[in-house]
Amino acid sequence: MTFAIHGLAVARGIAIGRAVLVASSRVDVAHYFIEADQVEREIARVASARDAVVEEINRLLQGMPKDAPPELPALLDVHLMLLQDETMADGVKHWIADRLYNAEWALTSQLDIVARQFDEMDDVYLRERKGDLEQVVERILRHMKGLPTTVPHPTVKRSSGARQQDLLLEDIQDVPLVLVAHDLSPADMLQFKQSVFAGFVTDVGGKTSHTAIVARSLDIPAVVGARNASQLVRQDDWVIIDGDAGILIVDPTPIILAEYGFKQRQAELERERLTRLRHTPAVTLDGQRVELLANIEMPEDAPAALGVGAVGVGLFRSEFLFMGREGALPDEEEQFEAYLSAVSGMKGLPVTIRTVDVGADKPLDRHVRDEAHLNPALGLRAIRWSLADPSMFLTQLRAVLRAAAHGQVHLLIPMLAHEREIRQTLALVDQARLQLDNRGLPYGPIQVGAMIEIPAAALSVQMFLRYFDFLSIGTNDLIQYTLAIDRADEQVAHLYDPLHPAVLRLVADTIAACVAHGKGVSVCGEMAGDPSLTRLLLGLGLRSFSMHPTQILAVKQEILRADAARLADWSQQVLRADDPSLMIH
Ligand code: PEP
Ligand code: MG
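Because the structure is predicted, anything quoted here is derived from the model rather than measured.

Draft legend 1. Expanded view of empty space enclosed by the protein. Applying the stated criterion across every chain yields a total of two cavities of 30 Å³ or more. Here the largest cavity defines a volume of roughly 80 Å³. Considering the residues around the largest cavity, the lining is formed by 16 residues, among which R317, R354, E453, N476 and D477 are closest to the centre. Looking at the lining of the largest cavity residue by residue, the classes come out as three nonpolar, five polar and eight charged.

If you want it as structure tokens, here you go:
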């Protein structure tokens, strides 16, 4: 049966393919594709973890004290039976051998399928066995991760055989795959960057959550905030992602498929048309030159930036080098190599490296949210995290300074608000230089800039101008903190508004102050890559935009059609409007 799920449009385009579900588990699970020659090894990993759990349960049963509640051995019997169930084992083998999922992903995928079969059972007792199956899989996963396993709670009164159906799955290796998940951390997204997905959908997330940002940089259609999509969609369902409208269509009819196939081809044609602008200088009708820079997450993104004619990198989100490494942070050499690779990848064009910005919705590891803190967006994030660990920060600063000996490098500091943070940061930059002098290592000159992404920073822009060579406006956070809207929370996504008069006022005043002082200013938040806002930002005096490479040509098209002088008057009217959105087309 065809049905549609509405979410938030985060990355444009249409994707048509089969759903791949990334099941959520209480144990943190890695998802990646393996090579064909690793299939046997992955199957063996699951088997040996399963055998270890069987052994462990047998040990528990043998050592069970006489006065133990009778439910406990019965429960363990159920677990033993589930562990030896062939449907589970065969399904796991299928995901590993036919789809090349890693062992943990295969286990959680099969759990998801069998758990749904339990859900559909009429017998209440059998339905309740789902919880046992989840516990058993969790024990296997914990074994595979080397985590301690725990004795399950005695929640059942008797054991029984579970009725399970066989999975009928065709071989779909050549069909485009669409990822459907409850949530994905930015670190997960990075892993998927090298893989095959034609699009993705998550239940949670806002338009400018970092997961959405990475999706946009992948240039694949994506919808976030699709509420319970991961529960309604089943493995292998045919789905269409309409990334422009923010809709997921499940099990489409042939007519709907044909219509979206047509839309997909139209979008491809439009994209091809835009590529003709690649070498055209970004100059307005009245001769104003505009700098179009790229936002990148990894040095490997540099060719994509050059490919669309970016004149440099305006934001290298260095934190992506730090993520998903189970706490082992990159050392100075590794960072130096990465920065150098971005610098050489950009072939002499400037590269702005932002110091690490972890925290909030960018946890270091795969845990999606830092639940230990009530309000992580207001917590130890970005420069606060760096200043809390000067030795880690100095390592990064030395690596950046050394890369600057090989090309034009700018250093950008995220989330500053206080003067003492600014002074501490700049003192550490000096200290890093001194350390390199002492070691006799070469380093180059850098311009140091600050991000304006906290309202307090925008309101004290004059102070920032006294300390920094340039400013870069991080509108994603500036909007989040001005409007008190968690950028990653789909429940308040409708209130996340780049055109709120307060946001526009802070952006406009920051640009005006920089222009008045002859200091460089750019916007590197998602506003810069939204072609519907290009004219407004031009009118406010912005001449440097930094965005995903995928957006550069569409924004350039707007610039080529714009008359900056005329837009200046109009933007002042927009600034004064109660509802500026009514004036933006
Ligand atoms: C921003 O906040 O606008 C920004 C560019 O930084 P990030 O999205 O990485 O927080
Ligand atoms: Mg930010």
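Draft legend 2. Up close: the nonpolar core. Counting 110 residues, the largest nonpolar core has L292, F316, Y339, F464, F468, L471 and F545 as its most contacted members. Ignoring any residue separated from it by four or fewer positions in sequence, one finds Y339 in contact with F316, S318, L321, F322, I353, Q396, A399, V400 and A403. In this structure, A11, I43, Y125 and L218 belong to the second largest nonpolar core, which totals 53 residues.

Draft legend 3. How the structure looks around the coordination of the magnesium ion (ligand 2). Within the protein, the atoms that donate to the magnesium ion (ligand 2) are E453 (OE) and D477 (OD), at distances of 2.0 to 2.1 Å. Here the residue E453 occupies a position in the loop between β13 (446-452) and α15 (455-459), and D477 occupies one in helix α17 (residues 475-483), the gap between them amounting to 24 residues. The class of E453 is buried, set by a relative accessible area of 2%. For D477, a relative accessible area of 2% puts it in the buried group.

Draft legend 4. Seen up close, the packing of aromatic side chains. Tallied over the entire structure, the rule returns seven aromatic pairs. Here the aromatic rings of F464 and F468 are separated by 6.1 Å at their centres, their planes lie at 25°, and the arrangement is stacked. Summarising the burial analysis for this pair, F464 and F468 share the class buried. What links up through ring pairs into an aromatic cluster is the set F33, W95, Y101, W105 and F197. Stacked on the ring of F336, the Lys or Arg R402 has its end atom at 4.2 Å from the ring centre. Cation over ring: R535 sits above W570, and NZ or CZ is 5.0 Å from the ring centre.

Draft legend 5. Up close: the packing of helix α13 (residues 390-403) against helix α14 (residues 419-439). Across the interface, α13 lies against α14 with an axial gap of 9 Å and an inter-helix angle of 65°. Considering their axes alone, α13 and α14 lie roughly perpendicular with respect to each other. At the point where α13 passes α14, the crossing takes the right-handed sense. In contact with P390, F393, L394, L397, R398, L401 and R402 of α13, α14 contributes T425, L428, V429, Q431, A432, R433, Q435, L436 and R439. In terms of residue class, the contact of α13 with α14 is built from nine nonpolar, three polar and four charged.

Draft legend 6. Layout of the side chain of T534. Inspection of the secondary structure puts T534 in helix α19 (residues 534-539). Within polar-contact distance, the side chain of T534 engages the backbone oxygen of P531 at 3.2 Å. Beyond its immediate stretch of four places on either side in the chain, T534 contacts F545, V555, E558 and I559.

Draft legend 7. View of unusual backbone geometry. We note that D236 has phi near 80°; this positive angle belongs to a residue other than glycine. Among the secondary structure elements, D236 is positioned in the loop between α8 (229-232) and β7 (238-242). The class for D236 is buried, based on a relative accessible area of 8%. Look at M415: it is not a glycine, yet its phi comes out positive at around 60°. Here M415 lies in the loop between β12 (409-413) and α14.

Calculation rules
Residues numbered from 1 in each chain as written. Chains lettered and ligands numbered in written order. Predicted model: local features only at pLDDT ≥ 70, side-chain atom pairs only at ≥ 80, totals over all residues. Heavy atoms only, no water. 1 Å grid on protein atoms, 1.4 Å probe; cavity = no way out; pocket = protein on both sides within 12 Å on 5 of 7 lines; lining within 4 Å. Points joined across faces, edges and corners; volume = space filled by probe spheres on them. Nonpolar A, V, L, I, M, F, W, Y, C, P; charged D, E, K, R; others polar. Core = buried A, V, L, I, M, F, W, Y, C linked by side-chain atoms within 4.5 Å. Buried < 20%, exposed > 50% of the residue type's maximum accessible area, 1.4 Å probe, protein only. Contact = heavy atoms within 4.5 Å. Donors = N, O, S within 2.8 Å, 3.2 Å for Na, K, Ca; no water. Helix = DSSP H or I, 4+ residues; strand = E, 2+ residues; numbered from the N terminus. Phe/Tyr/Trp six-rings, centres within 6.5 Å; stacked < 30°, edge-to-face > 60°. Lys NZ or Arg CZ within 6 Å of the ring centre and 35° of its normal. Axes fitted to C-alpha atoms, helices over the stretch in contact; angles between N-to-C directions. Parallel < 35°, antiparallel > 145°, perpendicular 65-115°, else oblique. Left-handed = near helix turned anticlockwise from the far one by under 90°. Polar contact = N/O pair within 3.5 Å; in protein donor to acceptor, adjacent residues only side chain to side chain.

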